[in-house]
Amino acid sequence: MQLTALPMAVQATTDGRLARGSGVAQRVCVDAGDAPPLPWELVIKLDVQVHIHGSICALATPFDEQGDLDLEAFERLIEQQLAGGTQALVVAGSTGEAHLLRDHEYERLLQCAVARVDGRVPVIAGCGSASTEASLAGCRKAASLGADAALVVTPYYVRPDQRGLQRHFTALADAVELPLILYNVPARTGCDLQPETVAALREHPRIIGIKEAVADRVRIEAMARLAREDFVYLSGDDGSAMEAMLAGAAGTVSVVANVVPRLFRELCDACRNGERGSAGEAFERLRPLLDALACAPNPVPIKAALAALQICREQVRLPLVPLPEGEGRVRLQRIVTDLAGNPD
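The rules behind the values
- Residues numbered from 1 in each chain as written.
- Predicted model: local features only at pLDDT ≥ 70, side-chain atom pairs only at ≥ 80, totals over all residues.
- Heavy atoms only, no water.
- Helix = DSSP H or I, 4+ residues; strand = E, 2+ residues; numbered from the N terminus.
- Buried < 20%, exposed > 50% of the residue type's maximum accessible area, 1.4 Å probe, protein only.
- Contact = heavy atoms within 4.5 Å.
- Areas by Shrake-Rupley, 256 points an atom, 1.4 Å probe, with all protein chains shown as cover.
- Expected span 1.5 Å × (residues − 1).
- Arc of directions from axis to C-beta.
- Polar contact = N/O pair within 3.5 Å; in protein donor to acceptor, adjacent residues only side chain to side chain.
- Salt bridge = Lys/Arg side-chain N within 4 Å of Asp/Glu carboxyl O.

J.: Now, about the overall build of the protein: what can you tell me, with residues and values included?
T.: In terms of regular secondary structure, the protein is built from 13 helices and twelve strands. Burial analysis of the protein (344 residues in total) assigns 52% to the buried set. For the protein, contacts bridging at least 24 residues in sequence account for 69% of all contacts bridging at least 6. Roughly 14900 Å² of accessible area belongs to the protein as shown, and the carbon and sulfur atoms make up 50% of that amount.

See the structure below:
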């Protein structure tokens, strides 16, 4: 065996788990004989690329009836995901109400996830703010708490141009010893990270992928062309996930997987294996739930669905409010109940 020192907070162990530690970590790999060692930059990219793929759940953040973190419910959600075959977890992303969390809550949530997962799948920390300085602080915090990668959303509200976006992400990647996944969701942020800018950013050794939430075919095809061995393209939109994965996305960061992890894993596996017929069948089973979840802003409906499954309360934080009584709630609960009774 050969031990390769890497400036990461992650190492792969012989049993397939990811072991975390402070400072310089090691990656255990089979000695390739006389082959020259890879540069550490490339090894970082290849190591994370191997693991971050397939069904990736953007976890909801459970709150108790007082509105505080409910870590017991959070652990229950994590175990439900792992039992269902989810291949990576995003903590404190948009679905996790990241921008409604206090700093100490973010730390507790990420610490809880890292400890509970215990290397079984990668834990990806939601990061990003309107300012580069605040984003950098968030990425450093995520690294110190043992995250395997940071999912960094584009700066919101300030609407930087493409030059500003390139400098922003480059500054983060230069300063943080943590693999970064770009996150483009213009419907929420007000700015759109263009494929040409992504193409330039992917040359940085610590920028290992993108979660792209723009769902139109032209963008999907452009992102698929940018994917390569050391840069992963992940869909960030459940509704177009099948199309994106069949076009070349390595996986999807999913909201709906919170409720149906096994079914969403089935969809991802079929797409990644090029099985269009099986993928279409899985997506058709998902479609009623996807339609029902569109009745209110995310994560309001997903919290209601999780409450129907008795995984957590549907408590959200202002300015979000719970799903109102009415046809949308009735329909959602009926679909969730049906899927729970027929998970396959």
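The structure having been displayed, the exposition proceeds.
J.: Please set out the side chain of Ser135 residue by residue, giving values where relevant.
T.: Checked against the element boundaries, Ser135 lands in helix H4 (residues 132-144). Contact partners of Ser135, with chain neighbours within four places excluded, come to Gly128, Ser129, His168 and Leu172.

J.: Explain helix H5 (residues 162-175) residue by residue, including any values.
T.: An α-helical segment advances 3.6 residues per turn. Residues three or four places apart therefore align on the same side. Relative to the 20 Å expected for 14 residues at 1.5 Å per residue, H5 spans 20 Å between its end C-alpha atoms, a close match to the ideal helical length. Three or more residues of H5 are buried, namely Leu165, His168, Phe169, Leu172 and Ala173. Projected down its long axis, H5 carries its buried residues within an arc of 125°, all on one side. Exposed positions of H5 whose direction lies more than 90 degrees from the buried face are Arg163, Arg167 and Asp174. Buried residues along H5 sit against H4, strand E8 (149-153), strand E9 (180-184), helix H7 (195-201) and strand E10 (207-212).

J.: Please give an account of helix H8 (residues 217-226) that cites residues and values.
T.: Along H8, the positions that sit buried rather than exposed are Arg219, Ile220, Ala222, Met223, Ala224 and Leu226. Each element contacted by the buried residues of H8 is listed here: E9, H7, E10, strand E11 (232-235) and helix H9 (241-247). Where H8 begins, the capping side chain belongs to Asp216, and its oxygen is found 3.1 Å from the backbone nitrogen of Val218.

J.: Just give me the short version of the pattern of salt bridges, but keep the residues and values in it.
T.: Should their charged atoms come close, side chains of opposite charge can pair. This model, assessed by the stated rule, comprises 21 salt bridges. Notably, a salt bridge pairs Glu79 with Arg116, separated by 3.0 Å at the nearest N-O pair. Here the residue Glu79 occupies a position in helix H2 (residues 71-83), and Arg116 occupies one in helix H3 (residues 103-117), the gap between them amounting to 37 residues. Owing to a relative accessible area of 25%, Glu79 belongs among the partly exposed residues under this scheme. The residue Lys303 makes a salt bridge to Glu97 at a minimum N-O spacing of 2.6 Å.

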